[in-house]
Amino acid sequence: GNTVYVELYKFPKDLEELVLHTEDFLATSFVFRMYAALAVLNAVLELHSMGKLHMDIKPLNFLEDDMVMIVASDFGFAENLLQHGDNLNEVIRLPKTKGTHGFIANEVYQRAEYSMKSDVYATGVSILSLLMRLPIKAKDPQIATPSTLERLLNKRAGPYDNELIRRYFVKVLD
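Residues numbered from 1 in each chain as written. Predicted model: local features only at pLDDT ≥ 70, side-chain atom pairs only at ≥ 80, totals over all residues. Heavy atoms only, no water.

**Observations regarding the environment of Ala39**
Thought 1: Following the sequence through the fold, Ala39 ends up in helix α3 (residues 30–49).
Thought 2: For Ala39, a relative accessible area of 15% gives the class buried.
Thought 3: Placed 30 residues apart in sequence, Ala39 and Met69 show a C-alpha to C-alpha distance of 8.7 Å. (Helix = DSSP H or I, 4+ residues; strand = E, 2+ residues; numbered from the N terminus. Buried < 20%, exposed > 50% of the residue type's maximum accessible area, 1.4 Å probe, protein only.)

**With respect to empty space enclosed by the protein**
Thought 1: According to the stated counting rule, one finds 1 cavity of 30 Å³ or more in the structure shown.
Thought 2: When its volume is computed, the largest cavity comes out at roughly 100 Å³.
Thought 3: What lines the largest cavity is a set of 14 residues, and nearest its centre among them are Met55, Phe103, Ile104, Ser118 and Ala122.
Thought 4: Here the lining of the largest cavity takes 3 residues from helix α5 (residues 116–132), the largest share from any one element. (1 Å grid on protein atoms, 1.4 Å probe; cavity = no way out; pocket = protein on both sides within 12 Å on 5 of 7 lines; lining within 4 Å. Points joined across faces, edges and corners; volume = space filled by probe spheres on them.)

**Some words on the packing of α3 against α5**
Each pair of packed helices can be described by the angle between their axes along with the distance between the axes.
Thought 1: In contact at an axis separation of 9 Å, α3 and α5 are set at 170° when each is read in the N-to-C sense. As the angle between them shows, α3 and α5 are arranged roughly antiparallel. Here α3 contributes Phe30, Arg33, Met34, Ala36, Ala37, Val40, Leu41, Val44 and His48 to the contact with α5, which in turn contributes Met116, Asp119, Val120, Thr123, Ile127, Leu130, Leu131 and Met132.
Thought 2: Among the residues forming the contact of α3 with α5, the class breakdown is 13 nonpolar, 2 polar and 2 charged. (Axes fitted to C-alpha atoms, helices over the stretch in contact; angles between N-to-C directions. Parallel < 35°, antiparallel > 145°, perpendicular 65-115°, else oblique. Contact = heavy atoms within 4.5 Å. Nonpolar A, V, L, I, M, F, W, Y, C, P; charged D, E, K, R; others polar.)

**A short note on α3**
Thought 1: For α3, with 20 residues, the first-to-last C-alpha span of 28 Å sits near the 28 Å given by 1.5 Å per residue.
Thought 2: By the burial criterion, the buried members of α3 are Phe32, Arg33, Ala36, Ala37, Ala39, Val40, Ala43, Val44, Leu47 and His48.
Thought 3: Backbone geometry just after α3 places Gly51 at a positive phi near 80°. (Expected span 1.5 Å × (residues − 1).)

**Digging into the pattern of salt bridges**
Thought 1: The tally for this structure, following the rule as stated, stands at 3 salt bridges.
Thought 2: With its nearest N and O atoms 3.1 Å apart, the salt bridge here joins Glu113 to Arg93. Here Glu113 is found in strand β7 (residues 113–114), whereas its partner Arg93 is found in strand β6 (residues 92–93), with 20 residues between them in sequence.
Thought 3: With relative accessibility at 14%, the residue Glu113 sits in the buried group.
Thought 4: A salt bridge links Glu113 to Arg111, with the shortest nitrogen-to-oxygen separation between them at 3.1 Å. (Salt bridge = Lys/Arg side-chain N within 4 Å of Asp/Glu carboxyl O.)

So this is what it looks like as C-alpha cells:
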C-alpha cells in the first residue's frame, strides 16, 4: 500500500500536551477542543474507509502544526483489515493485547480481539478526554461507563461542558 512519512518537526505538538497539559488560551478553548475532537474522528473515519485499524488511538497520537492542521501518527500497531479477508467488519485475534490502557475496549482486554469497533471505542474515549480536558490514566482501564462519567462530570466539567457530555456520552452508554 501507500506509505506516508511525516516530518515530525513540522508537527511539533501532540493533542495530549496541547489540550490536556497546557494553559494556552486557544488550545484550551471549547472551540479548539471541539475542532480537535472532530479532527480525530475524521482521521479515524478516513483510516477505516481504507480498511485500516489504528489500534492505538489516543490524543498523544494526533499531531498539530502551527497552521492548526491535525494528523494521525504512530501506526506501529496498525493492521490492514483487507489482508485478513474482504470483510471490513472482520475481527482480528492477536496473541497479546496492543494499545494503551485507558483507551482499550473491553473485547480487547478480555480476548485480544480487534475490530473497527475497538478503534471507535478508543476514539470516543479520546474525544471525551479532549472535550473535558481530562487526562486518561493507565490505571483506569474502562473509563467509559455511565458511573465513571457521572463521577468525572461532577468533578471536572464546567456547566456547558457538563451538559454537552451528559447529552452525548452518558445517554449513549445507558
